[in-house]
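One letter stands for each residue in the lines below.
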Amino acid sequence: MNLAGKTICLGVSGGIAAYKACALTSKLTQKGADVHVIMTQHAAEFVSPLTFQALSRNPVYTDTFDEKHPEKIAHIDLADKADLFLLAPATANLIGKIAGGIADEMLTTTLLATEAPVYIAPAMNVHMYAHPAVIRNMQQLDAWGYRFIEPEAGYLACGYVGKGRLEEPESIIRILEEQAEQAEQAQDLAGKRVLVTAGPTQETVDPVRFFTNHSSGKMGYSIAEAAAKRGAAVTLVSGPTQLTAPAGVKKVDVVSADDMLQAVLSVYDEQDIVIKSAAVADYRPVQTSDKKMKKQAGNLVIEMERTTDILLTLGQRKQHQFLVGFAAETEDAITYGLGKLERKHLDAICVNTVGKDGAGFQSDTNEVTYLNKEGKQQHFPSNTKQQIAHQILNEILADMEADEV
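Residues numbered from 1 in each chain as written. Predicted model: local features only at pLDDT ≥ 70, side-chain atom pairs only at ≥ 80, totals over all residues. Heavy atoms only, no water.

Q: Which parts of the structure should I look at to understand the packing of aromatic side chains?
A: Using the criterion set out here, one finds zero aromatic pairs in the structure. Across the ring face of Y283, the terminal group of R306 is positioned such that the distance to the ring centre comes to 5.6 Å. (Phe/Tyr/Trp six-rings, centres within 6.5 Å; stacked < 30°, edge-to-face > 60°. Lys NZ or Arg CZ within 6 Å of the ring centre and 35° of its normal.)

Q: Help me understand the environment of I349, please; the structure alone is not making it clear to me.
A: Among the secondary structure elements, I349 is positioned in strand β17 (residues 348-353). Exposure remark for I349: the relative accessible area of 0% places this residue in the buried category. Each C-alpha atom of the pair I349 and T25 lies 44 Å from the other, and the pair is 324 residues apart in sequence. (Helix = DSSP H or I, 4+ residues; strand = E, 2+ residues; numbered from the N terminus. Buried < 20%, exposed > 50% of the residue type's maximum accessible area, 1.4 Å probe, protein only.)

Q: Mind showing me how you'd approach unusual backbone geometry here?
A: It is generally the case that most residues other than glycine have a negative phi and that most peptide bonds are trans. P89 follows A88 through a cis peptide bond whose omega is 0 degrees. Phi is positive for D332, which is not a glycine, with a value near 50 degrees. Structurally, the position occupied by D332 is in the loop between β16 (322-329) and α13 (333-343). Backbone geometry places H345, a non-glycine residue, at a positive phi of 60 degrees. Within the secondary structure layout, H345 lies in the loop between α13 and β17. Assessed through its relative accessible area of 41%, H345 is described here as partly exposed.

Q: Got a minute to help me understand the sheet that holds strand β11 (residues 233-238) in this structure?
A: Strand pairing in a sheet relies on backbone hydrogen bonds. The paired strands run either parallel or antiparallel. Taking strand neighbours across the sheet as the criterion, the eight strands line up as β12-β11-β8-β13-β16-β17-β18-β19 in an open arrangement whose pairing is mixed. Strands at the two margins of the open sheet, each flanked by one partner only, are β12 (249-253) and β19 (377-384). Between one strand axis and the next, the sheet turns through 20 degrees on average, direction left out of account. The pairing of strand β13 (residues 273-276) with β16 spans four bridges and is parallel. Note on β16: the bridge partner recorded for V274 is L323. Most of the contacts of α13 go to β17, to which it runs at about 155 degrees, and overall it touches β16, β17, β18 (365-372) and β19. Along the sheet, helix α14 (residues 385-404) contacts β13, β16, β17, β18 and β19; its crossing angle with β19, the most-contacted strand, is approximately 155 degrees. (Pairing = 2+ DSSP bridges. Axes fitted to C-alpha atoms, helices over the stretch in contact; angles between N-to-C directions. Contact = heavy atoms within 4.5 Å.)

Q: Before we go on, may I ask you to explain a negative patch on the surface in this structure?
A: On the surface, E374, E401, D403 and E404 cluster together to form a negatively charged patch. Using a relative accessible area of 45% as the deciding quantity, one classes D403 as partly exposed. (Patch = residues over 30% accessible without salt bridge, like charges linked within 9 Å, V, L, I, M, F, W, Y side chains within 5 Å. Areas by Shrake-Rupley, 256 points an atom, 1.4 Å probe, with all protein chains shown as cover. Salt bridge = Lys/Arg side-chain N within 4 Å of Asp/Glu carboxyl O. Lys, Arg positive; Asp, Glu negative; His and termini not counted. Charge placed at Lys NZ, Arg CZ, Asp CG, Glu CD.)

Q: Sorry, what's going on with the pattern of salt bridges here?
A: Close approach of charged atoms allows side chains of opposite charge to pair. Under the defined criterion, the tally for this structure stands at 17 salt bridges. For K81, the salt bridge goes to D77, with nearest N and O atoms at 3.6 Å. Taken together, the residues K81 and D77, both in helix α4 (residues 74-81) and four residues apart, mark about one turn of the helix. Looking at K81, the relative accessible area reads 33%, which means it is partly exposed. On the basis of relative accessible area, D77 is assigned to the partly exposed category, the value being 21%. Taking the shortest distance from any N to any O, the salt bridge between E105 and K97 comes out at 3.8 Å. Here the two residues E105 and K97 agree in accessibility, since each one is buried. Linked by salt bridges that have partners in common, K97, D104 and E105 make up one network.

Q: I'm lost on the packing of α4 against helix α6 (residues 106-113) in this one. Help?
A: Think of two packed helices as two axes; the pair is described by the angle between the axes and how far apart they sit. With their axes 8 Å apart at the nearest point, α4 and α6 run at an angle of 50 degrees to one another. Taken together, α4 and α6 sit at an angle that is classed as oblique. For the pair α4 and α6, the crossing hand works out as right-handed. For the pair formed by α4 and α6, the contact residues are A74, H75, I76, L78 and A79 on the first element and M106, T109, T110 and A113 on the second. (Parallel < 35°, antiparallel > 145°, perpendicular 65-115°, else oblique. Left-handed = near helix turned anticlockwise from the far one by under 90°.)

Q: In this structure, what is going on with a nonpolar patch on the surface? I would like to understand it.
A: The grouping of I16, Y19 and F46 at the surface amounts to a nonpolar patch, some 330 Å² of accessible area in total. By secondary structure assignment, the location of Y19 is in helix α1 (residues 18-30).

Q: Just to check I follow, could you spell out the sheet that holds strand β5 (residues 147-148) for this structure?
A: What the five strands build is an open sheet, ordered β2-β1-β3-β4-β5; its pairing is parallel. Strands at the two margins of the open sheet, each flanked by one partner only, are β2 (34-39) and β5. Note: strand β1 (residues 7-12) against β2, six bridges, orientation parallel. Bridging across to β2, V12 finds its partner in M39.

Encoded structure:
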């Protein structure tokens, strides 16, 4: 996407990485963006506001009470006219203030008033970035829909080596362009109802034990988030995970395979697209105990029984829904995927090989092949699960359009 003509508010907070914000301002201006810089008091200790004024060709804001135009309230005017808000660098202090709803100077006051998308590019010491308070604050902002541009790992100004270095200006701009392009495409799912299942299930043995698997839920959560950003009304049925529900997504928490079956069937009829990415237990104990099973001499044998095959059930009941399954395999992934596609009456299936570097459970990246009932095989090489999610949705929409012709 071309950033020309876009109004960008650049918030600069007080870290040594503020010098990179100068290059960022220059490059955004060269792209044709209308850049308005807001600096914290501590940021002005590192770089003069005059530098940003010269690079942006706009007044620089440092004081809530310095009203440059008497006919306007500066922080409201900036908040309203911004197409996007970029915080670079974002210190631990600034992130904490935003998460706490604090508005005690020009930058935080404007942030609290804006409805524009906010992108946060953190920069701080490696240990600060890993502190539980900082992690908690970033998780809160992520849940509210703020978007993070992850810092790099490398040599830091404090002398440490690790994650915390502000992403380079060129990379920040590339990310802004990519995400803005996605946002412009994004409403292609408006009016659609999308159901996504994610995460593992847990099958109880006794009050302290259960059977489960290695699924983190990251792929399903990424699909739910991508669908919501593209305008869909999304329901996410999730097994137990450590993930926060994406903004704008209705999350239904379940534990067992039967819980997931009931939750999915309760909303299935009204869905347009169903993507079952959860790793559901195939078996559960025949008998469970309401008291902790005590250790006995010798081996323990637990008899297992099949759980209801959720995907097969959905395939048998399918009417108008576009039904997509997932198959995590360790070998012959395409062969097993094609068999599952036909046997369970699916419209498409996404297959991947677990255990492969950069793919499968727990990983932030994935490598997937999309197969549809018409015989198409579309391979998506290793990428972030967020990007893979958008690629899957692109294929689903293309198939749905082809079915309507």
